[in-house]
Amino acid sequence: MDYLRTMSRFHRYSVNNTILIHAQRPDATLVAGFNRWRDQFGRNVKRGEKGIKIIAPTPFKKKVEEEKLDPDTKLPMRDKDGNIIMEEKEIKIPMFKIVSVFDVSQTEGEPLPDIVGTLTGDVQNYEVFMEALRRSSPVPIEMKPLTPDTDGLFSIDKQHITIREGMSEVQTVSAVIHEITHSKLHNYKKDSPDAKDRSTEEVEAESVSFAVCAYYGIQTGESSFGYIANWSQDKELPELRASLETINKTASELIDDIDRHYADICKEQDMQRKADEIDMEPAMTMERLYTIDDSKYLHVQRCDGGVDYTLYDMETKQQLDGGQLDMPNIQLSTAALEICKIHNIGFDAPIRLADIKILDELQEAQFEAPAAPKPRYEALVEHFAREDDALWNTGAYPMPDPAITVEDMYAYGYMDGDTM
């Protein structure tokens, strides 16, 4: 149960990193690096706090010589002398390193906004949330009378889900997510070679339901966890890990689907003037990613003083600019328009909502390894190119002997603008 709560809070993390966070600090709720806490949230890591070690991608680019292939035949191209033509290509090398992150409890400073309210038997905006679940389900959902010991059923033959009517909102939502998980993961005949045993199916469905509900602050019961613990006692590590991978992936996908459909429904029903109004939406409206002029990404995220934002180049994925709008309670869509005005952008194409999952790629791109230093003589050439033209033209700066090359000067000890 503790692990699933951890996973729900970090559903976009890999299973490896979720396990690392849970193993080191199972009560963690919000984690970030030292600099991000300081720069984006106005909080400092307390003296003496020990970081949580996780694995971060640090890919780098490398130039390699490869055979140039004919685009049609895919065979090596040759020059007029019959030699294979070589070309320089840039490849991306996947690398990883250990980094330290800190939980919010290990920091102090500016307060963070409340993300999730306390819920009992009711679910905030229940009807809208249920419709988002219906749209996230691969099969239709209907409410019907069922026996008291059955909350829901997924029919493989009829390809639909039946939920017992008359239950509390929390119990209904939990049952719907449970059956959606069955329809996503266990939609096969029992004699199928891919079929799992009933215990595994129920553990996966109940775990996904618990994790998704936990993400949205929906407090579900703990009655099923004795059964889950019973099942896991007889399983070896590979079996447990396989289920954790499945649970993590399914819960993450379902959360993303619910987020997207919830925003769409809010717009359709005109429940609010803008889909990003925070007091009418659950926790997922804390951040948004937009496309600007079909050439830039704009990431906006709520903070205590207003809205933090970062601009990225769409092609290179590199950060262009960033800052903070000191406008508490502003709608995120309105904040995006204000940021566009500040940077004089957003005129060439409509501002559109982008998939928040792209943010992972943008943030990973900031860890790219720097380019290798240029040869000394190339650095000298660039140094000359940056010199003030006025100095050269007025004669205030002595001109070098045109018969001496850059390589000659380097060989004679030319260093940083001084001759020896």
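Reading guide: rules and limits
Residues numbered from 1 in each chain as written. Predicted model: local features only at pLDDT ≥ 70, side-chain atom pairs only at ≥ 80, totals over all residues. Heavy atoms only, no water. Pairing = 2+ DSSP bridges. Helix = DSSP H or I, 4+ residues; strand = E, 2+ residues; numbered from the N terminus. Contact = heavy atoms within 4.5 Å. Axes fitted to C-alpha atoms, helices over the stretch in contact; angles between N-to-C directions. Parallel < 35°, antiparallel > 145°, perpendicular 65-115°, else oblique. Left-handed = near helix turned anticlockwise from the far one by under 90°. Nonpolar A, V, L, I, M, F, W, Y, C, P; charged D, E, K, R; others polar. Phe/Tyr/Trp six-rings, centres within 6.5 Å; stacked < 30°, edge-to-face > 60°. Buried < 20%, exposed > 50% of the residue type's maximum accessible area, 1.4 Å probe, protein only. Expected span 1.5 Å × (residues − 1). Polar contact = N/O pair within 3.5 Å; in protein donor to acceptor, adjacent residues only side chain to side chain. Arc of directions from axis to C-beta. Core = buried A, V, L, I, M, F, W, Y, C linked by side-chain atoms within 4.5 Å. 1 Å grid on protein atoms, 1.4 Å probe; cavity = no way out; pocket = protein on both sides within 12 Å on 5 of 7 lines; lining within 4 Å. Points joined across faces, edges and corners; volume = space filled by probe spheres on them. Salt bridge = Lys/Arg side-chain N within 4 Å of Asp/Glu carboxyl O. pLDDT = per-residue confidence, 0-100.

A. Representation of the sheet that holds strand β12 (residues 296-303) within the structure. If you walk across this open sheet you meet the five strands as β14-β13-β12-β11-β15, and the pairing is antiparallel. Strand pairing shows two members of the sheet lacking a second neighbour, β14 (319-325) and β15 (352-353), which therefore form its edges. Bridging between strand β13 (residues 306-313) and β14 involves six bridges; their strand directions are antiparallel. Across the sheet, residue Val307 finds its bridge partner in β14, namely Leu325. Across the face of the sheet, helix α9 (residues 332-342) comes into contact with β11 (287-292), β12, β13 and β14 while running at roughly 45° to β11.

B. Looking closely at the packing of helix α5 (residues 169-185) against helix α6 (residues 198-215). The geometry of α5 relative to α6 is characterised by a closest axis approach of 8 Å and an angle of 130° between their N-to-C directions. On the basis of the axis angle, α5 is oblique to α6. The handedness of the crossing between α5 and α6 is right-handed. Between α5 and α6, the residues in contact are Val173, Ser174, Ile177, His178, Thr181, His182 and Leu185 and Glu201, Glu202, Glu204, Ala205, Glu206, Val208, Ser209, Val212 and Cys213, respectively. Here the residues of the contact of α5 with α6 sort into seven nonpolar, five polar and four charged.

C. Inspection of the packing of aromatic side chains at higher detail. Overall, the coordinates contain two aromatic pairs when judged by the stated rule. Judged by centre distance (4.7 Å) and plane angle (85°), the ring pair of Tyr215 and Tyr216 falls under edge-to-face. One exposure class covers both Tyr215 and Tyr216, and it is buried. Following the ring pairs from residue to residue traces out a cluster consisting of Phe129, Tyr215 and Tyr216.

D. Representation of α6 in the model. Between its terminal C-alpha atoms α6 stretches 26 Å, which fits the 26 Å expected from 18 residues at 1.5 Å a residue. With 14 of 18 residues buried, α6 is to be regarded as a mostly interior element. Between a side-chain oxygen at the N-terminus of α6 and the backbone nitrogen of Thr200 the separation is 2.9 Å; the capping residue is Asp197. Directly after α6, the chain includes Gly217, whose backbone phi takes a positive value near 75°.

E. Broad picture of helix α10 (residues 358-365). Listed in full, the buried residues belonging to α10 are Leu359, Leu362 and Ala365. Projection of α10 onto a plane perpendicular to its axis shows the buried side chains occupying an angular sector of 125°, all on one side. If you follow the buried residues of α10, they end up packed against β11, β12 and β13.

F. A look at the nonpolar core. One finds Phe129, Leu133, Val173 and Val212 to be the most contacted residues of the largest nonpolar core, which totals 38 residues. The set of elements that each furnish at least two residues to this core consists of α1 (2-9), α4 (126-136), β10 (160-164), α5, α6 and α8 (237-268). Of the residues forming this core, the biggest block, eight residues, is contributed by α8. Excluding residues that lie within four positions of it along the chain, Val173 makes contacts with Val123, Tyr126, Phe129, Met130, Leu133, Cys213 and Ile218.

G. Spotlight on unusual backbone geometry. For Asp293, which is not glycine, the phi torsion reads 55° and is therefore positive. Its location among the elements puts Asp293 in the loop between β11 and β12.

H. A look at the layout of surface pockets. Size it by volume and the second largest pocket reaches roughly 530 Å³. Gly152, His178, Glu179, His182 and Glu202 are the residues nearest the centre of the second largest pocket, which is lined by 21 residues in total. If you list the elements that add at least two residues to the lining of the second largest pocket, you get β9 (152-155), α5 and α6. Per element, the largest residue contribution to the lining of the second largest pocket is six residues, and it comes from α5. Partitioned by chemical class, the residues of the lining of the second largest pocket number five nonpolar, eight polar and eight charged.

I. Region of interest: the environment of Asp360. Positionally, Asp360 belongs in helix α10. Using a relative accessible area of 28% as the deciding quantity, one classes Asp360 as partly exposed. Sequence separation between Asp360 and Tyr13 is 347 residues; the distance between their C-alpha atoms is 9.8 Å.

J. The sheet that holds strand β6 (residues 96-103), seen in detail. Taken together, the three strands give an open sheet; going across it, the order is β1-β6-β3, and neighbouring strands pair in antiparallel fashion. Edge positions in the sheet fall to β1 (31-32) and β3 (52-57), since each has one partner strand and no second. The pairing of β1 with β6 spans two bridges and is antiparallel. By the bridge assignment, Val31 is partnered in β6 with Asp103.

K. Structural detail: the pattern of salt bridges. Enumeration over the complete set of coordinates arrives at 15 salt bridges. In this structure, Asp151 engages Arg164 in a salt bridge whose closest nitrogen and oxygen atoms are separated by 2.9 Å. One end of the pair, Asp151, is in the loop between β8 (141-144) and β9; the other, Arg164, is in strand β10, and 13 residues separate them in sequence. Judged by relative accessible area, Asp151 falls into the partly exposed class, the value being 28%. In this structure, Lys249 engages Glu253 in a salt bridge whose closest nitrogen and oxygen atoms are separated by 2.7 Å. With Lys249 and Glu253 both in helix α8 and four residues apart, this pair spans about one turn of that helix. Given a relative accessible area of 34%, Glu253 falls into the partly exposed group.

L. Up close: the confidence of the model for the chain. For the chain, per-residue confidence averages 76 on the pLDDT scale, and 74% of positions sit at 70 or higher. No element of the chain has a lower mean pLDDT than helix α12 (residues 389-394), which averages 45, and none a higher one than β10, which averages 93. In the predicted structure, residues 271-284 sits below a pLDDT of 50 and forms 41 contacts with residues beyond four places in sequence or in another chain. Predicted confidence for residues 387-399 stays below pLDDT 50, and this span has nine contacts to residues more than four positions away or in other chains.

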